[in-house]
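Fold and contact review
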Amino acid sequence: MRYQSLQSFGNHLILGISGTSLNDDDKRALNELKPIGVIFFAKNFLDGVPYPVWLEQFKNLIDEVRQYSERDSIFTTLDHEGGRVVRTPLPITRFPHAYLLQSHAHEVAKATALELKSLGINLSWAPVADIFSNPQNPIIGPRAFGITPETASQRVREYYQGLREGGILGAAKHFPGHGDTSTDSHLELPILNLSLEDLRNRELIPFQTLIQDQIPLIMTAHILFGQIDPDVPATLSKIILNDILRAELGFQGVIVSDDLDMKAVSEMFMQSGTVARAFHAGCDLFIVSRNINSSSLERTYKIAEDFSASLNNGSLDVGVVEAARERVEKLLRVTPQYPVSTLDKKTLVKNAELAISCCL
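Before going into details, it helps to say that this report is about the structure given with it. Model, not experiment: these values are computed from the prediction.

**Thoughts on a nonpolar patch on the surface**
- On the surface, a cluster of nonpolar side chains totalling about 260 Å² of accessible area is made up of Tyr 99, Leu 100 and Ile 147.
- Tracing the sequence through the fold places Leu 100 in the loop between strand 3 (75-78) and helix 4 (105-118).
- Residue Leu 100 is classed as partly exposed on the basis of its relative accessible area, which comes to 40%.

Structure below.
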């Protein structure tokens, strides 16, 4: 059977890499699982060395990823929102949080896209489409573009259009909305007592705006919405991902999970059948960062083995997986593969001045 190999899960996997070069575990995972994409963090960049030195090392890392995964085309991804969510060393520009961008959102996104392309990155896990609706929110806060649906929608659209014009894929996050939580899903499962009508009147509006602009990816939230689906968080909820996101809002792109290493869901995905439930709910692509709980591959392989076992025992519908694979591969076919290149000083100075102007 086509799906007996663990490589089949690689068609749905965005995998984290352990450091600035591949260790034996990285090489094994890339060769055996053949992930369709990788996610980079600060640990993947040399720090405290000159720009040409860390850039050359990062170029070598991407080249190694392609070599061991035997994929010429991959999603090379980065969390690069600005503010505290920046992984790259200087002189890559430190733009401020989304909340501070205001009228500069489009211009900042275009400048960001130019810098990301120079790193060989083709997909940014941005923009944040959540609303800064809860001042006590420990994880979103000023990462959001506004405190009202209207402001957030306008700015998030401008930012995404800037990324798109600059040639970088964007991903709206965290569906159906993380802005009203008071706990951090990296540490525990947040629970929100919002009705579907509440979501329609507020949280869903920025996502609707981005869907109208044909954003290619939407990332799930590891949040339990008790009034909507009391059994599972959004990442595993067919009601939220299929009924609301697909059927009601008309999203036809790729649905990607937030990081499966986050403690809100990490134990769930160690249980047999969970990955099948996520596929049936609507997930097409899964991030396993190896950045939060552990850098080991044990969890990654356990999820891949659960995927394979679920297909073989019939609890995971082959047609569902095929449809997900087709959505992901369709997107990859139109995703540019950028060479790593050096940014000129004039561009870096201009972008630094733009970052300062956002704070004035």
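**Section: the side chain of Thr 220**
- Considering the arrangement of structural elements, one finds Thr 220 in strand 7 (residues 217-220).
- If sequence neighbours within four positions are ignored, Thr 220 has contacts with His 174, Phe 175, Thr 235, Leu 241, Ile 255, Val 256, Ser 257, Asp 258 and Cys 283.

**Notes on the pattern of salt bridges**
- Under the counting rule described, the total for this entry stands at 19 salt bridges.
- Lys 110 is the salt-bridge partner of Glu 165, the closest N and O atoms lying 3.8 Å from each other. On the criterion of sequence distance, the pair formed by Glu 165 in helix 5 (residues 149-165) and Lys 110 in helix 4 is long-range, its members being 55 residues apart.
- According to the relative accessible area criterion, Lys 110 is partly exposed, its value standing at 38%.
- Among the salt bridges present, the one from Glu 158 reaches Arg 155, with a minimum N-O distance of 3.3 Å. Here Arg 155 and Glu 158 lie together in helix 5, a separation of three residues that amounts to about one turn. Arg 155 carries the same exposure label as Glu 158, and that label is buried.

**Section: the pairing of strand 5 (residues 169-175)**
- Judged by how many residues are buried, strand 5 sits mostly within the fold: seven of seven residues are covered.
- The pairing of strand 4 (residues 123-124) with strand 5 spans two bridges and is classified as parallel. If you follow Ser 124 over to strand 5, its bridge partner there is Gly 170.

Here is what the cut-offs are and how they apply
Residues numbered from 1 in each chain as written. Predicted model: local features only at pLDDT ≥ 70, side-chain atom pairs only at ≥ 80, totals over all residues. Heavy atoms only, no water. Patch = residues over 30% accessible without salt bridge, like charges linked within 9 Å, V, L, I, M, F, W, Y side chains within 5 Å. Areas by Shrake-Rupley, 256 points an atom, 1.4 Å probe, with all protein chains shown as cover. Salt bridge = Lys/Arg side-chain N within 4 Å of Asp/Glu carboxyl O. Helix = DSSP H or I, 4+ residues; strand = E, 2+ residues; numbered from the N terminus. Buried < 20%, exposed > 50% of the residue type's maximum accessible area, 1.4 Å probe, protein only. Contact = heavy atoms within 4.5 Å. Pairing = 2+ DSSP bridges.

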